[in-house]
Amino acid sequence: MRLFLENGLKGTRGYFLYKRVDGNNVLKELNKMGNIWVVMTVDERKAAKLELEPFNWDKCAD
């Protein structure tokens, strides 16, 4: 999860990015109204699953 705020906590706009359990990427646009951050838009995109090969731990041996 990543939270990006323009001008830090004193700013009025930000973005929250994260990956859902099903693998989809989610981007939420935030706007500050008073002292409360409100989600304005949600963009969700299907992500390709990565098939990783097993790691060869023998390469790390002394």
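Just so it is clear, the model here is predicted, and its values are computed rather than measured.

Calculation criteria
Residues numbered from 1 in each chain as written. Predicted model: local features only at pLDDT ≥ 70, side-chain atom pairs only at ≥ 80, totals over all residues. Heavy atoms only, no water. Salt bridge = Lys/Arg side-chain N within 4 Å of Asp/Glu carboxyl O. Helix = DSSP H or I, 4+ residues; strand = E, 2+ residues; numbered from the N terminus. Buried < 20%, exposed > 50% of the residue type's maximum accessible area, 1.4 Å probe, protein only. Contact = heavy atoms within 4.5 Å. Phe/Tyr/Trp six-rings, centres within 6.5 Å; stacked < 30°, edge-to-face > 60°. Pairing = 2+ DSSP bridges. Axes fitted to C-alpha atoms, helices over the stretch in contact; angles between N-to-C directions.

1. Some remarks on the pattern of salt bridges
This model, assessed by the stated rule, comprises four salt bridges. We note a salt bridge from Glu 44 to Arg 20, for which the minimum N-O separation is 3.4 Å. Here Glu 44, found in strand 4 (residues 36-45), pairs with Arg 20, found in the loop between strand 2 (13-19) and strand 3 (25-33); they are 24 residues apart in sequence, far enough to count as distant. What emerges from the salt-bridge pattern is a single network uniting Arg 20, Asp 22 and Glu 44.

2. Here's the deal with the environment of Leu 27
Residue placement: Leu 27 occurs in strand 3. Relative accessible area serves as the criterion here: at 29%, Leu 27 is assigned to the partly exposed category. Between the C-alpha atom of Leu 27 and that of Gly 8, which follows or precedes it by 19 residues, the distance is 18 Å. Excluding its chain neighbours within four sequence positions, the residues that come into contact with Leu 27 are Tyr 15, Phe 16, Leu 17, Thr 41, Val 42 and Asp 43.

3. Considerations on the side chain of Asn 24
Tracing the backbone shows Asn 24 in the loop between strand 2 and strand 3. Apart from the residues lying within four places of it in its own chain, the contact partners of Asn 24 are Tyr 18, Lys 19, Glu 44, Arg 45, Lys 46 and Ala 47.

4. A short note on the packing of aromatic side chains
Under the counting rule described, the total for this entry stands at two aromatic pairs. Judged by centre distance (5.2 Å) and plane angle (40°), the rings of Phe 16 and Tyr 18 are tilted. Given a relative accessible area of 24%, Phe 16 falls into the partly exposed group. For the pair Phe 55 and Trp 57, a centre-to-centre distance of 4.7 Å together with 70° between the ring planes defines the contact as edge-to-face.

5. Overview of the sheet that holds strand 1 (residues 2-5)
With antiparallel pairing, the four strands of this open sheet are ordered in space as 1-2-3-4. Of all the strands in the sheet, the pair left with one neighbour each is strand 1 and strand 4. Across the sheet, the axes of successive neighbouring strands diverge by a mean angle of 20°, strand direction being ignored. Alignment of strand 1 against strand 2, held across four bridges, turns out to be antiparallel. In the sheet register, Leu 5 faces strand 2, and the bridge partner there is Gly 14.

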